[in-house]
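Remarks on the overall topology
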Amino acid sequence: MELRLAYFYPTLMNLYGDRGNVQVLSQRCRWRGIDLVVDEIGIGDRPNLSAYDLAFFGGGQDKEQYKIGADLVQTKAVNLRASIEDGLVMLAICGGLQLLGEYYRPLQGPPLQGISVFDLRTEGGHVRAIGNVIVQAEPELGTKLQLIGFENHSGRTYLGPGCRPLGRVVKGFGNNGKDGSEGARYRNCIGTYLHGPLLPKNPELADYLLRLALQRKYGRVDLAPLDDQLEKETREYVMSRVRRPHFLKAECR
Ligand SMILES: NC(=O)CC[C@H](N)C(=O)O
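As recorded by an unreviewed UniProt entry, the protein chain carries the name Lipid II isoglutaminyl synthase (glutamine-hydrolyzing) subunit GatD and is attributed to Hydrogenispora ethanolica. The protein chain has a UniProt comment under Sequence similarities (unreviewed entry) that states "Belongs to the CobB/CobQ family. GatD subfamily."

UniProt records the feature "active site" (unreviewed entry) for Cys94 and His195 in the present numbering. What stands out for the annotated residues spanning 102 residues is how close their C-alpha atoms remain, the widest pair being 7.6 Å apart. Within the secondary structure, Cys94 sits in the loop between strand S4 (89-93) and helix H3 (95-99). Cys94 gets classed as buried once you count the C-beta atoms within 10 Å, which come to 30. When residues no more than four places from it in sequence are discounted, the contact partners of Cys94 are Leu15, Gly59, His153, Tyr193 and His195. Along the chain, His195 turns up in the loop between strand S12 (189-192) and helix H4 (198-201). Sequence-distant contacts of His195, that is, excluding residues within four places in its chain, are made with Leu15, Tyr16, Asp18, Gly59, Ile93, Cys94, Gly149, Phe150, Glu151 and Asn152.

Let us now look at the pairing of strand S2 (residues 35-41). One ladder, built from seven bridges, connects strand S1 (residues 2-8) with S2; its direction is parallel. Residue Phe8 lies in a different strand from S2, and its bridge partner there is Ile41. Crossover connection from S1 via helix H1 (residues 19-30) to parallel S2: handedness right-handed.

Right, let's talk about the site of the ligand for a bit. Neighbouring the ligand are Leu15, Gly59, Gly60, Gln61, Asp62, Gln65, Cys94, Gly95, Asn152, His153, Ser154 and Gly155. Put simply, the parts of the chain that give the shell around the ligand at least two residues each are helix H2 (62-85) and strand S8 (146-159). Looking at the shell around the ligand, the element that brings in the most residues is S8, giving four residues. Tallied by class, the residues present in the shell around the ligand amount to two nonpolar, nine polar and one charged.

This paragraph deals with the packing of H1 against helix H5 (residues 203-218). Where H1 meets H5, the closest approach of the two axes is 10 Å, and the angle between their N-to-C directions is 70°. In this view, H1 runs roughly perpendicular relative to H5, as classed from their interaxial angle. When the axes of H1 and H5 are compared, the crossing they make is right-handed. Contacts between H1 and H5 pair Val24, Leu25, Arg28 and Cys29 from the former with Ala206, Asp207, Leu209 and Leu210 from the latter.

Cut-offs used in this document
Residues numbered from 1 in each chain as written. Predicted model: local features only at pLDDT ≥ 70, side-chain atom pairs only at ≥ 80, totals over all residues. UniProt positions renumbered as here; feature names shortened; annotations may be inferred. Helix = DSSP H or I, 4+ residues; strand = E, 2+ residues; numbered from the N terminus. Buried ≥ 20, exposed ≤ 12 C-beta atoms within 10 Å, placed from the backbone. Contact = placed C-beta atoms within 7 Å. Pairing = 2+ DSSP bridges. Right-handed = clockwise from strand over helix to strand, strands pointing away. Near = placed C-beta within 6 Å. Nonpolar A, V, L, I, M, F, W, Y, C, P; charged D, E, K, R; others polar. Axes fitted to C-alpha atoms, helices over the stretch in contact; angles between N-to-C directions. Parallel < 35°, antiparallel > 145°, perpendicular 65-115°, else oblique. Left-handed = near helix turned anticlockwise from the far one by under 90°.

This is the structure:
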């Protein structure tokens, strides 16, 4: 079996080792004899996204978001929106999540237009949300699934009725520090503020994405279980040390 993954802006949108998410998907496929072909999609590229099963879009600082923002809207929005409607499985982290919404208005500088895959809007806040996060995933992802990660963002994201959250914040800040929501979901597209990178610490989520992609492409899912003992020990260690989030001034970006 073969899956193809479109990796958006890998050199610019790669905060806190977000690239590790793609490495985890590749390795978990390899261990199961599935070939994951990764194509890097950069500024100016016009990929035929209907040829892909998965897509990944990492986080970035405001300055990187400004570098790719116009390209995303002008050369990729139509194709990407259509593919997500068609069931493309996508994971977007932090700055990527924000640009899949309607807009991100940073604290300084003009607003960045998003591509409205998600019904959400993001406003820059005066203090950054920084710290470890625990999220209780929504039941569709697994009734007992808790996700862990690290957040560092100025943006406060507010979801509209057209998308659901990825989960509820147990510890940390999440989308906006007020309504308890974290991340967003629309069809097979998941967005989250969790860096870390996310998937090495949350292998269940990696397999959830692979299952969706295999189901869509082959109509069946055959994912052999893996030995995740090391990942489980890492999670337990991190969870035992998660404290309340702390905040720095926005100028410290
Ligand atoms: N960690 C990130 O991807 C940051 C996203 C955005 N620049 C913000 O500060 O909100």
